[in-house]
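Notes for the structure review
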Amino acid sequence: MLKARIRSLLSARDRLKEFYKGLPGVHPMSVSTLTNADMEFINKLNEAILENISNENFYVDDLAATMFLSKSSLYRRVKALLDVSPIDYIKKMRLHKAADMLSQGEYAVYEVWQNVGFSSPTYFAQCFKKEFGITPTRYASSLGVEVN
């Protein structure tokens, strides 16, 4: 009975690891140690960012207020769980949302940067290339999406 319980716990951890390793900014080694409270925190964090993704003035102070934490508490918690700073996590979420939008083909490349909260197309393209190794225009065209 103990061996069956251990196998079940290990299997559940593997499923959680698979689910969370696809999230931007989640460090794969930290996934195996996530508790239910940690997972709930990450889900709330993602929801808060996605709700404000088009707001280019949404930064760490706003995220901390939304999460009912001080800026320093938010920084410590995000850094410990995801091994990235909150501002970098927001940027990663914006970039992954942009990649998703580009792959769906609903928006032209020049529209996407505004919809994900970047203040300039040049900075957006620079960050996108750093994250994915390819420009947004090439990314869209490589997926067969019409580039305008």
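Preceding this section is the structure that the text describes.
Residues numbered from 1 in each chain as written. Predicted model: local features only at pLDDT ≥ 70, side-chain atom pairs only at ≥ 80, totals over all residues. Heavy atoms only, no water.

With that settled, consider the pattern of salt bridges. Enumeration according to the criterion identifies 4 salt bridges in this entry. Across the pair Lys71 and Asp61 runs a salt bridge whose closest N-O atoms are separated by 3.5 Å. Within this pair, whereas Lys71 is found in helix H5 (residues 71-82), its partner Asp61 is found in helix H4 (residues 60-66), the two being separated by 10 residues in sequence. On the accessibility criterion, Asp61 (48% relative accessible area) is partly exposed. We note a salt bridge from Glu131 to Lys92, for which the minimum N-O separation is 3.2 Å. Pair noted here: Glu131 is in helix H8 (residues 121-132) and Lys92 is in helix H6 (residues 86-104), with a separation of 39 residues, a long-range link. The class of Glu131 is partly exposed, set by a relative accessible area of 27%. Judged by its relative accessible area of 23%, Lys92 falls in the partly exposed class. (Salt bridge = Lys/Arg side-chain N within 4 Å of Asp/Glu carboxyl O. Helix = DSSP H or I, 4+ residues; strand = E, 2+ residues; numbered from the N terminus. Buried < 20%, exposed > 50% of the residue type's maximum accessible area, 1.4 Å probe, protein only.)

The next subject is H8. Relative to the 16 Å expected for 12 residues at 1.5 Å per residue, H8 spans 16 Å between its end C-alpha atoms, a close match to the ideal helical length. Among the residues making up H8, those that are buried are Phe124, Cys127 and Phe128. An end-on view of H8 places all buried positions within 105° of arc, on one side of the element. Opposite the packed face of H8, turned more than 90 degrees from it, sit the exposed residues Thr122, Gln126 and Lys130. Summarising the contacts, the buried residues of H8 are in contact with H6, helix H7 (109-115) and helix H9 (136-142). (Expected span 1.5 Å × (residues − 1). Arc of directions from axis to C-beta. Contact = heavy atoms within 4.5 Å.)

By size, the foremost hydrophobic cluster in this structure holds 20 residues, and its most contacted members are Leu45, Ile49, Leu63, Leu74, Leu82 and Tyr89. Secondary-structure elements contributing two or more residues to this core are helix H3 (36-51), H4, H5 and H6. A per-element tally of this core places H3 first, with 6 residues. Formed by 16 residues, the second largest nonpolar core is a distinct cluster that contains Ala98, Ala99, Val112 and Ala140. (Core = buried A, V, L, I, M, F, W, Y, C linked by side-chain atoms within 4.5 Å.)

Looking now at the environment of Lys97. Examined against the element boundaries, Lys97 turns out to sit in helix H6. For the pair formed by Lys97 and Val112, sequence separation is 15 residues and the distance between their alpha carbons is 9.2 Å. Contacts of Lys97, omitting those with residues within four sequence positions, involve Ile53 and Val116.

Here we come to unusual backbone geometry. Phi is positive for Phe68, which is not a glycine, with a value near 60°. A positive phi is found at Asp83, a non-glycine position, where the angle reads about 60°.

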